[in-house]
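Reading the structure
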Amino acid sequence: LENLYSGQARALHIASSDKNKIKEIVDELTRNIQSKQPSLEMVKQAIKSLVYSKDSDSDKRKIQTIFGKIENSLHETEEFSVQSISLEHVKDQINGQSSWEKSIANLIPLDEKLNNEIGKNKSFEAKKVIYEKSSFKLVAEFLKQNSTNTWDESISENWLDYLSQQLYKATKVQ
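Before going into details, it helps to say that this report is about the structure given with it.

Quick notes on the side chain of S103
As for its placement among the helices and strands, S103 is situated in the loop between α5 (99-102) and β2 (107-110). Residue S103 is classed as buried on the basis of its relative accessible area of 6%. Look past the residues within four positions of S103 in its chain and what remains in contact with it is K48, L50 and V51.

This is how it looks when you write it as structure tokens:
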């Protein structure tokens, strides 16, 4: 991409004030960037590999960035900007946690105050009452998708699919 950008920058400099030529260069750059975008399946596989737990937090900032990007894209205006995201494990962290319980498929974004209010060892049903206090549209969508009081690996796959689709849409070059 670096070579692509520098080549297009030189072409734009040479075109200077030729509006038609500038439009051609920008259109070509857009097409080139679009052709390099990952597929929806690639996005899903990439975010599926991200983990966060008390024992492994190297992906924490990436996951927070992903949730922030999706949340911002769900708002129709730019009046709302996510400043702080705490990561909530829908299924509590316990010793010997399975891989899906550490993955983004088992996480939602929450304000830190709400996350602290949840505490430990609450049922999914009890957690949902606190989730309802969140202002995040992403949390509202999570609640809408999960109206039952059951949360397990197979249900979390639906959440992963939704997150993948939203991230794909939020980062798609138009």
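Topic: the environment of S49
With respect to the helices, strands and loops of the structure, S49 is situated in the loop between α3 (40-48) and α4 (60-74). In this structure the side chain of S49 is engaged in a polar contact, spanning 2.7 Å, whose partner is the backbone oxygen of A46.

Details of the layout of surface pockets
Counted as a void, the largest pocket has a volume near 460 Å³. Along the wall of the largest pocket there are 21 residues; nearest its centre are H89, Q93, N115, G119 and K120. Where the lining of the largest pocket is concerned, the elements lending two or more residues are α4, β1 (86-89) and α6 (112-118). Its residues assigned to classes, the lining of the largest pocket shows five nonpolar, nine polar and seven charged. Taken as a whole, the second largest pocket holds about 160 Å³ of empty space. Forming the boundary of the second largest pocket are R61, Q64, T65, G68, N72, V82, Q83, S84 and I85.

Quick word on the pairing of β1
Of the two faces of β1, the one lined by S86 and E88 and the one lined by L87 and H89 are each fully buried. Bridge count for β1 against β2 is four bridges, and the pairing is antiparallel. By the bridge assignment for β2, S86 is matched with L110.

So, helix α7 (residues 124-131)
Among all positions in α7, only F124, K127, K128, I130 and Y131 are buried. Taken around the axis of α7, the buried residues stretch over an arc of 160°, which confines them to a single face. Against the buried residues of α7 lie β1, β2, α6 and α8 (137-145).

The rules we used
Residues numbered from 1 in each chain as written. Predicted model: local features only at pLDDT ≥ 70, side-chain atom pairs only at ≥ 80, totals over all residues. Heavy atoms only, no water. Helix = DSSP H or I, 4+ residues; strand = E, 2+ residues; numbered from the N terminus. Buried < 20%, exposed > 50% of the residue type's maximum accessible area, 1.4 Å probe, protein only. Contact = heavy atoms within 4.5 Å. Polar contact = N/O pair within 3.5 Å; in protein donor to acceptor, adjacent residues only side chain to side chain. 1 Å grid on protein atoms, 1.4 Å probe; cavity = no way out; pocket = protein on both sides within 12 Å on 5 of 7 lines; lining within 4 Å. Points joined across faces, edges and corners; volume = space filled by probe spheres on them. Nonpolar A, V, L, I, M, F, W, Y, C, P; charged D, E, K, R; others polar. Pairing = 2+ DSSP bridges. Arc of directions from axis to C-beta.

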